[in-house]
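The primary structure of each chain is shown beneath.
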Amino acid sequence: MTLLDGKKTSETIQQEIAADVAEIKANGGKVPHLAAILVGNDGGSVTYVTNKVLACERVGFGSTLIRYEDDVTEDELLAKIEELNNDDEIDGFIVQLPLPKHINTDKVLEAVDPKKDVDGFHPTNVGRMVAGLSAYLPATPAGILQLLARYEIETKGKHCVVVGRSNIVGSPMSILMSKPNYPGNCTVTLCHRNTVNLAYHTLQADIIIAAVGIPGLITAEMVKEGAVVIDVGTTRVADETRKAGYRLRGDVDFDNVAPKCSFITPVPGGVGPLTIAMLLKNTLRAAKREVY
Ligand code: GUN
């Protein structure tokens, strides 16, 4: 069994990006600049956005963090998005999700200029991805593709079972794994929380990508010997022995599943760190006008 070290892979990608930025600076080019909008004080979201901003500093990007209280109005958010769309200093920006219930998330995401949509959430980028056109790919699925590629995992003709159908991970992941590229070229089954007899499907899988947010859902009996298992789950579960009072648990029962696998990602230190690396990569592509 080989542990897929997302932390190390993320560091390698960030070093590659930092080298690119150094070259841009040496040539007097525009230094990439990422902005992030964060609404409210949800612990997970604050941590994610803080890490994104710190990562920008590490690779030499400019960064701007814009924070609002939970009671920000939709109009205020839309006005800020319009401002960022028109700000030439900002190459790309993200609106951290989830947003409070009184805000229409679809409307907010659609207001982002697709050319600056480095999260790849705008319907234009989703559509371009589905059509196989140049697009910003959402960071977590893109990070999983990087992990498969950099560990040279064979995917052609394999059966990939994606568990979870979110717009952020499961749905785009299933599309990307079906495309005739490497990594991809798989036969894909998309399962979700209403799938009947999930184990029947996961047992057929050469590659399982679990992204439902149900800790420990994928148990050893549900996994074929030699499977590749990618765990996207990062649910906070109470743990009094930790200083923070919680620990992160994946969707996979790691201790019992790992011995059956050819490759598996840990939680934490698997897919998570790659999401940030790929967001930076998208921002670099935005600054270089590589996508549009
Ligand atoms: N919430 C969970 N994952 C993500 C992500 O990749 N981007 C944004 N903006 N919000 C998220």
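Quantities reported herein were computed from a predicted structural model and do not represent experimental measurements.

All residues adjacent to the ligand are Ile 94, Val 95, Gln 96, Leu 97, Asp 119, Ala 139, Thr 140, Ile 168 and Thr 275. Grouping the amino acids of the shell around the ligand by side-chain chemistry returns five nonpolar, three polar and one charged.

Core analysis: the biggest nonpolar cluster contains 80 residues, and Val 162, Ile 208, Ile 209, Ala 210, Val 229 and Leu 280 have the highest contact counts within it. Two domains share this core, each providing at least three of its residues, namely domain 1 (27–131) and domain 2 (139–273). The residues touching Ile 209, leaving out its near neighbours within four places in the chain, are Ile 144, Cys 160, Val 162, Val 163, Met 173, Ile 230 and Val 232.

Another aspect to go through is the packing of helix H1 (residues 6–26) against helix H10 (residues 272–287). Contact geometry for H1 and H10: axes closest at 8 Å, N-to-C directions at 20°. Taken as axis vectors, H1 and H10 run roughly parallel relative to one another. Seen from above, H1 lies across H10 with left-handed handedness. Of the residues in H10, those in contact with Gly 6, Lys 7, Thr 9, Ser 10, Ile 13, Gln 14, Ile 17 and Asp 20 of H1 are Gly 272, Pro 273, Leu 274, Ile 276, Ala 277, Leu 280, Lys 281 and Leu 284.

Moving on, we get to the environment of Asn 197. By secondary structure assignment, the location of Asn 197 is in the loop between strand S6 (187–191) and helix H8 (198–202). Exposure remark for Asn 197: the 9 C-beta atoms within 10 Å place this residue in the exposed category. For the pair Asn 197 and Gly 127, spaced 70 residues apart in sequence, the C-alpha to C-alpha distance is 31 Å.

Attention now moves to the sheet that holds strand S4 (residues 92–95). The strand order across the open sheet built from three strands is S3-S2-S4, with neighbouring strands paired in parallel fashion. Strand pairing shows two members of the sheet lacking a second neighbour, strand S3 (62–68) and S4, which therefore form its edges. Geometrically, the sheet is characterised by an average inter-axis angle of 15° between neighbouring strands, direction not taken into account. As defined by bridge partners, strand S2 (residues 33–39) adjoins S4 across four bridges and the pair is classed as parallel. Across the sheet, residue Ile 37 finds its bridge partner in S4, namely Val 95. Across the sheet, helix H2 (residues 43–59) is in contact with S2 and S3; its angle to S2 comes to roughly 165°.

Listed under "binding site: NADP(+)" (unreviewed entry) in the UniProt record, and renumbered for this structure, are Gly 164, Arg 165, Ser 166 and Thr 234. Note that Gly 164 resides in the loop between strand S5 (159–163) and helix H7 (170–178). Residue classification places Gly 164 among the buried residues on the basis of 24 C-beta atoms within 10 Å. Apart from residues lying up to four places away in sequence, Gly 164 is in contact with Val 169, Gly 170, His 192, Ala 210, Ala 211 and Val 212.

With that settled, consider the domain arrangement of the protein chain. Assigned domains within the protein chain: domain 1 (27–131) and domain 2 (139–273). Listed per partner, the contact involves five residues of domain 1 and five residues of domain 2. In the side of domain 1 that touches domain 2, the residues fall into three nonpolar, one polar and one charged.

Quick reminder: α-helices carry 3.6 residues per turn. Residues three or four places apart thus point the same way. Taken across its nine residues, H7 has seven buried, putting it largely inside the fold. All buried positions along H7 are accounted for by Gly 170, Ser 171, Pro 172, Met 173, Ser 174, Leu 176 and Met 177.

The subject of this paragraph is helix H3 (residues 74–85). The end-to-end C-alpha distance of H3 is 16 Å, a good match for the 16 Å that 12 residues give at a rise of 1.5 Å each. Taken as a whole, H3 has its buried residues at Leu 77, Ile 81 and Leu 84. Within H3, the buried residues cover an arc of 60° as seen down the axis, which keeps them to one side. Of the exposed residues in H3, those oriented more than 90 degrees away from the buried face are Asp 75, Ala 79 and Glu 83. Those residues of H3 that are buried are in contact with S2, S4 and helix H4 (105–111).

Within the open sheet, the six strands sit side by side as S1-S11-S8-S7-S5-S6. Their pairing is parallel. Two strands lie at the open edges of the sheet, namely strand S1 (2–3) and S6, each paired on one side alone. Sheet topology places strand S8 (residues 228–231) next to strand S11 (residues 263–264); two bridges connect them, and they run parallel. For Val 228, the partnering residue across the bridge sits in S11 and is Phe 263.

What counts and how
- Residues numbered from 1 in each chain as written.
- Predicted model: local features only at pLDDT ≥ 70, side-chain atom pairs only at ≥ 80, totals over all residues.
- Near = placed C-beta within 6 Å.
- Nonpolar A, V, L, I, M, F, W, Y, C, P; charged D, E, K, R; others polar.
- Core = buried A, V, L, I, M, F, W, Y, C linked by C-beta atoms within 7 Å.
- Buried ≥ 20, exposed ≤ 12 C-beta atoms within 10 Å, placed from the backbone.
- Domains from an automatic or database assignment.
- Contact = placed C-beta atoms within 7 Å.
- Axes fitted to C-alpha atoms, helices over the stretch in contact; angles between N-to-C directions.
- Helix = DSSP H or I, 4+ residues; strand = E, 2+ residues; numbered from the N terminus.
- Parallel < 35°, antiparallel > 145°, perpendicular 65-115°, else oblique.
- Left-handed = near helix turned anticlockwise from the far one by under 90°.
- Pairing = 2+ DSSP bridges.
- UniProt positions renumbered as here; feature names shortened; annotations may be inferred.
- Expected span 1.5 Å × (residues − 1).
- Arc of directions from axis to C-beta.

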